[in-house]
Amino acid sequence: MAKITFNNSNNIFFQSVRRSVENYFSSKNLKKTGNWQLYLKTWILIPGAFGLYLYLLSGHYNIIAGILTSVFLGLTLVCIAFNVMHDACHGSYSQTKWINSIMGLTMNALGSNAFIWKIKHNIIHHTFTNIDGIDDDIANGPLLRQCTTQKWMPMHRFQFLYMFFLYSVSTLSWMLRTDFRWYFTRKINNTRIKKIDPGQHVLFWVSKLLYAFFYMAVPIYLLGWQPWLTGFLIIHFTMGLTLTVVFQLAHMVEKTTFVVAEETPKIIDSEWAIHEIRTTANFATRNRIISWLVGGLNFQIEHHLFPQISHVHYFAISKIVRQQCELFGIPYNDFQTVGQAINSHIRLMRKLGNRN
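The rules behind the values
- Residues numbered from 1 in each chain as written.
- Predicted model: local features only at pLDDT ≥ 70, side-chain atom pairs only at ≥ 80, totals over all residues.
- Heavy atoms only, no water.
- Helix = DSSP H or I, 4+ residues; strand = E, 2+ residues; numbered from the N terminus.
- Rg over C-alpha atoms; globule rule 2.2 N^0.38 Å.
- Buried < 20%, exposed > 50% of the residue type's maximum accessible area, 1.4 Å probe, protein only.
- Contact = heavy atoms within 4.5 Å.
- Areas by Shrake-Rupley, 256 points an atom, 1.4 Å probe, with all protein chains shown as cover.
- Lys, Arg positive; Asp, Glu negative; His and termini not counted.
- Charge placed at Lys NZ, Arg CZ, Asp CG, Glu CD.
- Axes fitted to C-alpha atoms, helices over the stretch in contact; angles between N-to-C directions.
- Parallel < 35°, antiparallel > 145°, perpendicular 65-115°, else oblique.
- Nonpolar A, V, L, I, M, F, W, Y, C, P; charged D, E, K, R; others polar.
- Salt bridge = Lys/Arg side-chain N within 4 Å of Asp/Glu carboxyl O.
- Patch = residues over 30% accessible without salt bridge, like charges linked within 9 Å, V, L, I, M, F, W, Y side chains within 5 Å.
- Core = buried A, V, L, I, M, F, W, Y, C linked by side-chain atoms within 4.5 Å.
- Polar contact = N/O pair within 3.5 Å; in protein donor to acceptor, adjacent residues only side chain to side chain.
- Phe/Tyr/Trp six-rings, centres within 6.5 Å; stacked < 30°, edge-to-face > 60°.
- Left-handed = near helix turned anticlockwise from the far one by under 90°.
- Expected span 1.5 Å × (residues − 1).
- Bend = angle between axes of the 7 residues up to and from the residue.

1. Some remarks on the overall build of the protein chain
A count of helical and extended segments in the protein chain gives 15 helices and eight strands. Scaling as 2.2 N^0.38, a compact globule of 356 residues should have a C-alpha radius of gyration of about 21 Å, and the protein chain matches this with 21 Å. Summarising its shape, the C-alpha atoms of the protein chain cover approximately 60 × 55 × 45 Å along the three principal directions. Within the protein chain, the proportion of its 356 residues that are buried is 51%. For the protein chain, long-range pairs separated by at least 24 residues make up 71% of all intrachain contacts whose partners lie at least 6 apart in sequence. When the accessible surface of the protein chain is totalled, it reaches about 17300 Å², and 63% of it is carbon and sulfur. One finds the centroid of the 32 positive side-chain charges in the protein chain at a distance of 3 Å from the centroid of its 17 negative side-chain charges.

Below you can see the structure in the form of structure tokens.
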């Protein structure tokens, strides 16, 4: 991995915004972790997923009801990832470490692995956002070209058309292929996984086997392989499309910037916090329904600056962050609606599909 250095000599902006946010929590005597709003979501989403799963296993429905239930199960599972798993893996679900660890295992229940995901997301993505050559979130080649420093291929002219299909199969690919590639190569993009403890090895294989048992073996036995395959693919198409689009709207839009890490060492001309704001965008922050469903991931700027603060606080601290950005003359990337953000993403991917 290329050595990246941020110009944190003064760190004036982050010190100021962090001080303002700390004052907010202390003045209101609030914990930075989750509260009843997050725990209520947990009690709605996880039992809801169990109920939809058991209903599908019953087989007492027609094909339309089966398709719709599979879609709803996919949406519920991805909402668990957004709301429960994401906060827990960042340590912001609870003040109690073991509760975060347990709730983080919802990632394993969704078919992936929390330990590897923390390295990919918490360490690599959150530190080196939109840096080509390091950030695995923009390393989806050769089918997608996600910044101008990546190799252009003729098929990229059409990526703005076929990309949504690729998004829809992303969780399926992640669960069946990518996790195993990272595990066996001990490498995520150009970053080495230094050590995997014996317990994590056991957890990796046990959770993969349990997923195969509950999401493949049991429904095939009870329903037959054709109904299972149809429902399984619908669930993953729903999860993959929803999950990927939400994360693409946070970093792959026209307002965000990209950096190439070909030089070693590479010096970023700003402090880390400013880099995060330049490479990140918010969307639909006034839409309470969207905010509830995506676990505050429409407040990506706040999340990247303060990943260990639960998303239930993002709406409040976003006012502070925006004010601090205005004070320091830093652009605060924000789209008022989901539609505006999606259109910007499509325009960017279409532009990147041109040879330049």
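2. Some words on the packing of helix α10 (residues 225-251) against helix α15 (residues 338-352)
Packing of α10 against α15 leaves a shortest axis separation of 9 Å and a crossing angle of 80°. As judged from the angle between their axes, α10 and α15 are roughly perpendicular. Between α10 and α15, the contacting residues are Val245, Gln248 and Leu249 on the first element and Val338, Ala341, Ile342 and His345 on the second. For the contact of α10 with α15, the per-class residue count stands at five nonpolar, two polar and no charged.

3. As for the pattern of salt bridges
Side-chain pairs of opposite charge can arise where the charged atoms are in close proximity. Summed over the entire model, instances satisfying the criterion amount to seven salt bridges. A salt bridge links Lys32 to Glu22; its shortest N-O distance comes to 2.5 Å. One end of the pair, Lys32, is in the loop between α1 (12-27) and α2 (36-58); the other, Glu22, is in helix α1, with ten residues separating them in the sequence. Exposure remark for Lys32: the relative accessible area of 29% places this residue in the partly exposed category.

4. Digging into a nonpolar patch on the surface
Among the surface-exposed residues, Trp36, Leu40, Ile44, Ile289, Trp292 and Leu293 lie close enough to one another that they form a single nonpolar patch of about 630 Å² accessible area. Locating Ile289 in the fold gives a position in helix α12 (residues 288-293).

5. Points about the nonpolar core
One finds Leu77 and Phe306 to be the most contacted residues of the largest nonpolar core, which totals 94 residues. Element by element, the count of residues in this core is highest for helix α3 (residues 63-89), at eleven residues. Contact partners of Phe306, with chain neighbours within four places excluded, come to Phe14, Val17, Arg18, Val21, Tyr314, Ile317 and Val321.

6. Description of the side chain of Asn83
Take Asn83: it is sitting in helix α3. The class of Asn83 is buried, set by a relative accessible area of 0%. Here Lys41 takes part through its side chain, which lies 2.6 Å from a polar atom of the side chain of Asn83. Within polar-contact distance, the side chain of Asn83 engages the backbone nitrogen of Gly295 at 3.4 Å. Apart from residues lying up to four places away in sequence, Asn83 is in contact with Leu38, Lys41, Leu45, Trp292, Leu293, Val294, Gly295 and His311.

7. What to know about the packing of aromatic side chains
The final tally for this structure, using the stated rule, is 20 aromatic pairs. Ring centres of Tyr183 and Trp205 lie 5.6 Å apart, and the angle between their planes is 90°; on these two criteria the pair is classed as edge-to-face. Here Tyr183, found in helix α8 (residues 170-185), pairs with Trp205, found in helix α9 (residues 198-223); they are 22 residues apart in sequence, far enough to count as distant. Given the relative accessible area of 7%, Tyr183 is considered buried. A relative accessible area of 35% places Trp205 in the partly exposed class. Considering the side-chain rings of Phe299 and Phe315, the 6.3 Å spacing of their centres and the 90° angle between planes classify their relative orientation as edge-to-face.

8. As for unusual backbone geometry
Backbone geometry places Arg186, a non-glycine residue, at a positive phi of 55°. With respect to the element layout, Arg186 can be found in the loop between α8 and β3 (187-188). For Arg186, a relative accessible area of 29% puts it in the partly exposed group. At Asn189, a position not held by glycine, the phi torsion is positive, near 55°. Structurally, Asn189 can be placed in the loop between β3 and β4 (191-192). Given the relative accessible area of 22%, Asn189 is considered partly exposed.

9. Side note on the environment of Gly59
When you line up the elements, Gly59 lands in the loop between α2 and α3. Along the chain, Gly59 and Leu75 lie 16 residues apart, while their C-alpha atoms are 20 Å from each other.

10. Here's the deal with the packing of α3 against helix α4 (residues 97-104)
Put simply, α3 and α4 touch, their axes get as near as 8 Å, and they point 135° apart. Judged by the angle between their axes, α3 and α4 are oblique. Handedness of the α3/α4 crossing: left-handed. Each of Val84, Met85, Ala88 and Cys89 in α3 lies in contact with α4, whose residues at this interface are Asn100, Met103 and Gly104. Broken down by class, the residue content of the contact of α3 with α4 amounts to five nonpolar, two polar and no charged.

11. Describing α3
Its 27 residues place the ends of α3 37 Å apart at the C-alpha level, agreeing with the 39 Å of an ideal helix rising 1.5 Å per residue. For α3, the principal kink sits at Ala81 and spans about 35°. Of all 27 residues in α3, 19 are buried, a share of seventy percent or more. N-capping of α3 is provided by Asn62, with a side-chain oxygen placed 3.2 Å from the backbone N of Ile64.

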